[in-house]
Amino acid sequence: MGSIGFSIFSPSRFLFPRTTNPKISFSGSRITVAMTPAETATTFGFKDLMETFMVDVHRAEGRALNVPLIAPFTIASSRLEKVENVGVRVELSNGCVGWGEAPILPFVTAEDQPTAVAKATEACEYLKRSPGMTLGSVLGEIGGILRGHEFASVRAGVEMALIDSVANSVGIPLWRLFGGVSNTITTDITIPIVSSAEAFELASKYRKQGFKTLKLKVGKNLNTDIEVLRAIRMAHSDCLFILDANEGYTSTEAIHVLEKLHEMEVTPVLFEQPVHRDDWEGLGLVTKIAKDKYGVSVAADESCRGLADVRKIAKENLADVINIKLAKVGVLGALDIIEFARLSGLGLMIGGMVETKLAMGFAGHLAAGLGCFKFVDLDTPLLLSEDPVLEGYEVSGPVYKFTNARGHGGFLHWDNIACPTELAPCASAITTSSPPSKLCCRKINQQKPCLCQYLKNPNLKKFVSSPNARKVSRTCGVPFPKC
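Before going into details, it helps to say that this report is about the structure given with it. (Residues numbered from 1 in each chain as written. Predicted model: local features only at pLDDT ≥ 70, side-chain atom pairs only at ≥ 80, totals over all residues. Heavy atoms only, no water.)

For the rest of this paragraph, the subject is helix 9 (residues 280-294). Here helix 9 contains 15 residues, and its C-alpha end-to-end distance of 20 Å stays within 8% of the 21 Å for a straight helix at 1.5 Å per residue. Within the sequence span of helix 9, burial applies to Trp-280, Gly-282, Leu-283, Gly-284, Val-286, Thr-287, Ala-290 and Tyr-294. Where helix 9 is buried, its residues meet helix 8 (251-263), strand 13 (270-272), strand 14 (297-300) and helix 10 (307-316). Among the residues trailing helix 9, Gly-295 stands out with phi positive, at a value near 70°. (Helix = DSSP H or I, 4+ residues; strand = E, 2+ residues; numbered from the N terminus. Expected span 1.5 Å × (residues − 1). Buried < 20%, exposed > 50% of the residue type's maximum accessible area, 1.4 Å probe, protein only. Contact = heavy atoms within 4.5 Å.)

For the structure on display, the rule yields 20 salt bridges. Note that Glu-91 is salt-bridged to Arg-59, the shortest N-O span being 3.2 Å. Of the two residues, Glu-91 sits in strand 6 (residues 79-92) while Arg-59 sits in strand 5 (residues 57-74), which places them 32 residues apart along the sequence. By relative accessible area, Glu-91 is classed as buried at 13%. Taking the shortest distance from any N to any O, the salt bridge between Lys-128 and Glu-125 comes out at 3.0 Å. Linking Lys-128 with Glu-125, this pair stays in helix 2 (residues 113-129), spanning three residues, or about one helical turn. The partly exposed category is assigned to Lys-128, whose relative accessible area is 36%. Judged by relative accessible area, which is 33%, Glu-125 ranks as partly exposed. (Salt bridge = Lys/Arg side-chain N within 4 Å of Asp/Glu carboxyl O.)

Once that is clear, we can look at the nonpolar core. Counting residues in hydrophobic clusters, the biggest one holds 136 residues, and the most contacted among them are Leu-127, Leu-162, Ile-191, Ile-232, Phe-271, Ile-322 and Phe-373. When residues of this core are assigned to their parent elements, the largest contribution, 10 residues, is made by helix 4 (residues 152-170). Among all residues touching Leu-162, those that are not within four sequence positions of it are Val-55, Val-57, Val-90, Leu-127, Leu-135, Val-138, Leu-139 and Ile-142. By size, the runner-up hydrophobic cluster in this structure holds 15 residues, among which are Cys-426, Ala-429, Cys-440 and Ala-469. (Core = buried A, V, L, I, M, F, W, Y, C linked by side-chain atoms within 4.5 Å.)

Bringing helix 4 into the picture now. Relative to the 27 Å expected for 19 residues at 1.5 Å per residue, helix 4 spans 27 Å between its end C-alpha atoms, a close match to the ideal helical length. With respect to burial, helix 4 is a largely interior element, 19 of its 19 residues being buried. With its phi angle positive at about 70°, Gly-171 sits one or two positions after the end of helix 4.

Right, let's talk about the sheet that holds strand 20 (residues 399-401) for a bit. Backbone-to-backbone hydrogen bonds join strands into a sheet, with any given pair of strands oriented parallel or antiparallel. Taken in spatial order, the three strands line up as 9-20-19 in an open sheet, and their pairing is antiparallel. With partners counted over all chains shown, the strands left at the sheet margins are strand 9 (184-186) and strand 19 (394-396), one partner each. Between one strand and the next, the sheet's axes are offset by a mean angle of 20°, whatever the strand orientation. By the bridge criterion, three bridges tie strand 19 to strand 20 in an arrangement that is antiparallel. When the sheet's bridge partners are listed, Glu-394 is paired in strand 20 with Lys-401. (Pairing = 2+ DSSP bridges. Axes fitted to C-alpha atoms, helices over the stretch in contact; angles between N-to-C directions.)

On to the packing of aromatic side chains. Considering all chains together, one arrives at seven aromatic pairs under this definition. For the pair Tyr-206 and Phe-211, a centre-to-centre distance of 5.8 Å together with 70° between the ring planes defines the contact as edge-to-face. Both residues of the pair, Tyr-206 and Phe-211, belong to the buried class. Ring centres 6.4 Å apart and planes at 70° place the aromatic pair Tyr-249 and Phe-271 in the edge-to-face group. With a gap of 22 residues between them, Tyr-249 in the loop between strand 12 (240-244) and helix 8 and Phe-271 in strand 13 connect regions that are remote in the sequence. One Lys or Arg, Lys-312, reaches over the ring of Trp-280 and ends 5.4 Å from the middle of that ring. Lying across the ring of Phe-480, Arg-470 places its NZ or CZ 4.0 Å from the centre. (Phe/Tyr/Trp six-rings, centres within 6.5 Å; stacked < 30°, edge-to-face > 60°. Lys NZ or Arg CZ within 6 Å of the ring centre and 35° of its normal.)

Moving on: the packing of helix 8 against helix 9. Packed helices, taken two at a time, are described by the angle between their axes plus the distance between the axes. Contact geometry of helix 8 with helix 9 gives a least axis separation of 9 Å together with a crossing angle of 15°. Considering their axes alone, helix 8 and helix 9 lie roughly parallel with respect to each other. Note that helix 8 runs across helix 9; the crossing there is right-handed. Residues Ser-251, Ala-254, Ile-255, Leu-258, Glu-259 and His-262 of helix 8 form the contact with helix 9, whose participating residues are Gly-282, Leu-285, Val-286, Ile-289, Ala-290 and Tyr-294. (Parallel < 35°, antiparallel > 145°, perpendicular 65-115°, else oblique. Left-handed = near helix turned anticlockwise from the far one by under 90°.)

Here we take up the environment of Leu-162. Note on placement: Leu-162 falls in helix 4. Owing to a relative accessible area of 0%, Leu-162 belongs among the buried residues under this scheme. With 74 residues separating them along the chain, Leu-162 and Val-88 place their C-alpha atoms 9.4 Å apart.

Structure, rendered in structure tokens:
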């Protein structure tokens, strides 16, 4: 993977017996494990954890994680009024806890929140009943349960929680585990699709906060996009631009935007996903003209859903940069892509969906530890009106600093997060007109004392009090609560 301090796939090995209390020390980016007198000290990388650390899950659970935004987040393909993700908590038999997050972004991730909660519950139930096995084995099993792009976001959330729990067990911050190059990153910040006046205000605010790179969402209306660009340029004249069309342009429109920007003497540092994800010919055309005529790099985001896509992009010179998002490919999938991209000479960007500090923190540790990302787009916690995640990384304008002693450092007050997972077997019946299963009815009967709590939760009420939910209640012979 090139010189990044040390490879996360370094060949050395280690093994922590369950009775051992290892002491961790650092020298550069190498990690030394001082065992009890009966053991010997050694060094290790992430692959060693995969191969040797025995994972025994005591508790595991996924819950709906709903967070308000400061303002609606609009891109070319969707509009998000609030965050409706899924938090994942894994507790090992040694008492160490790991946290993950499955972000849900309509028309981008394949899962919606009810599906994600149900699949997270399925994976967590498997973890709880499974015997102890190596981290690599358990991640492989999760990959089989949550297979492919269809469940990539949930897979990423469960992988994060498992890896975080193991990093907490051995007392290592994730940035160290992933390479140790740095414990800081500097992110851009995104201006969604808004009016030119709103864009001017946002750009002015971000300039005062110290952001040097602005990422502008475009792709819905070409002429409006140009006007917004002009407004941002007036507000923050020395900023660097990233354009993100989220598949919104045709290749002709994308090239026209570059022409207009050239006339304005504006050169974006990156043009992200200018055309539809399946328009390979258009992507290649825009990439060639952008680079040869204007000196602009093009990034593939939605066009990159796995290693096979990256291989195609590299072979046919379809893009200059790959945008790595854990929710698209999972953690292990991302590591495979990173390794291939670096060997192929492709540039790397790390981004996310709309996430809290759980998922952003994990991705940030990965980026800081590897030190191989030219573009960092991990800003969405800054767009939340509140973030339920406690501790985690320190924020100073665009700079994130990872000072935690172990794992990614973020956690939730789990008891304050609504717990609808016991009703996950009823998700299909509540969201569609299908009849409830026997398991669904059994769960509803078990959850009768909690139904009023669900009804009082504004994030759950719309599901629990819906006509379909009332129908399920009647079918299962459970009186609908009067709270």
